[in-house]
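# Chains, contacts and geometry: an overview
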Amino acid sequence: MSYIQKIVFENFPLQNGVLQSKVILSYQLFGQSIGTAPLVLVNHALTGNSHVIGENGWWESLIGEQKTIDTNKYTVLVFNIPGNGYQDENNLIENYQDFTTKDIANLFWKGIDSFKIESVFAIIGGSLGGAIAWEMNALRPNAVQNLIPVATSWKSSDWLIGNVLIQDLILKNSKNPIHDARIHAMLLYRTPESLQEKFQTKLQNSEGLFQVESWLFHHGEKLQNRFQLSAYKLMNHLLKTTDIFRNNNQSEIIKSITANIHLVSVDTDYFFTANEIKTAFQEIKNYKNNVFYHEIKSIHGHDAFLIEFEQLNNILKPIFN
């Protein structure tokens, strides 16, 4: 099993000019020793962490020995977004509004630089992790061979920004902030059809609690037991900060990226809609030939990238073989 390791950066400059006195970047490595095999960087989503494979690994059906991302062939690197509190409750960030996904992308590149690695075979991430992957490739357009943003976008939409605001208000004003914010978020990550198929309006118990209510309470309690309030505030805030074109010319940024770009959407995603990802695909096609659009078909909405493993594996196998 891979152990968590740490890199400490002193006086790290953020995009807004703030000098962050100390940032601790923790990570796990899986598969081949770093520098001996092609490097795959996996970026985690909002409540994720560096624990991607093995027991309770959140992408273990995708990554491992003789799996699609084969740890016999690749070095797999996963950074924790600083402040997510994974296995280190002292490593939290209170000034969360100072940070952007571009800052996290910068930190991740500094982490990769510390290994003396100049080129990354693939950066893959879902949701927030995919947005950070976009920012990383925009920062270093020649350093990535394959960019694979899953169920995400290169720029935060108004719908996303609006929902980040609701989440932030719940996190600031609720008596039970993590629990209540998570319940709201779960409804964004799924669809009406997904919940109807799963629960069919059945009661959970004789007190009149519906199964869907019991399920939502369970998810609220589960996150509350393993997540810090400042971590949730930071991760939620980061979602609204993505924009790889901020202060830059859109066509120039797209033209500069040399990576093969594989955009993966979910046809029923309410959070990062398939339509906005298709629009990005059409935009990129004006400047690049090596861009590809893939769509997961699912009734489960945004969370399908964590549910529809067979479809995702089929999309990714040609890239990693």
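Source: prediction; values computed, not measured. (Residues numbered from 1 in each chain as written. Predicted model: local features only at pLDDT ≥ 70, side-chain atom pairs only at ≥ 80, totals over all residues. Heavy atoms only, no water.)

### Re the overall build of the protein chain
- Along the protein chain, the regular secondary structure elements total 11 helices and 10 strands.
- Its C-alpha atoms give the protein chain a radius of gyration of 19 Å, near enough to 20 Å, the size a compact globule of 321 residues would have.
- By residue count, 57% of the 321 residues in the protein chain fall in the buried class.
- Pairs at least 24 residues apart make up 73% of the contacts formed inside the protein chain by residues separated by at least 6 positions.
- Accessible surface for the protein chain amounts to roughly 14300 Å². Of this, 47% is attributable to carbon and sulfur atoms.
- The average position of the 26 basic charges and that of the 31 acidic charges among the side chains of the protein chain differ by 3 Å. (Helix = DSSP H or I, 4+ residues; strand = E, 2+ residues; numbered from the N terminus. Rg over C-alpha atoms; globule rule 2.2 N^0.38 Å. Buried < 20%, exposed > 50% of the residue type's maximum accessible area, 1.4 Å probe, protein only. Contact = heavy atoms within 4.5 Å. Areas by Shrake-Rupley, 256 points an atom, 1.4 Å probe, with all protein chains shown as cover. Lys, Arg positive; Asp, Glu negative; His and termini not counted. Charge placed at Lys NZ, Arg CZ, Asp CG, Glu CD.)

### So, the side chain of R190
- Among the secondary structure elements, R190 is positioned in the loop between α4 (177–189) and α5 (192–199).
- Leaving out residues up to four positions away in the same chain, R190 has contacts with L195, W215, Y270, H300, D303 and I307.

### Some words on the packing of helix α3 (residues 158–173) against helix α7 (residues 229–239)
- Viewed as axis vectors pointing N to C, α3 and α7 meet at an angle of 165°, and their least axial separation amounts to 9 Å. On the basis of the axis angle, α3 is roughly antiparallel to α7. Considering how the two elements wind past one another, α3 and α7 form a crossing that is left-handed. Note on element contacts: α7 touches α3 through L229, Y232, K233, N236, H237 and L239, opposite L160, V164, Q167, D168, L171 and K172. (Axes fitted to C-alpha atoms, helices over the stretch in contact; angles between N-to-C directions. Parallel < 35°, antiparallel > 145°, perpendicular 65-115°, else oblique. Left-handed = near helix turned anticlockwise from the far one by under 90°.)

### Side note on the sheet that holds strand β10 (residues 291–296)
- Spatially, β1-β2-β6-β3-β7-β8-β9-β10 is the arrangement adopted by the eight strands of the open sheet, whose pairing is mixed. Each edge of the open sheet carries a strand with a single partner, namely β1 (5–13) and β10. The average undirected angle you get between the axes of adjacent strands in this sheet is 20°.
- Sheet analysis places strand β9 (residues 260–266) next to β10, joined by six bridges and oriented parallel. In the sheet register, S265 faces β10, and the bridge partner there is E295.
- Taken strand by strand, helix α1 (residues 101–113) contacts β1, β2 (19–31), β3 (39–43), β6 (75–79), β7 (120–126) and β8 (144–150), and its axis lies near 125° from that of β1. (Pairing = 2+ DSSP bridges.)

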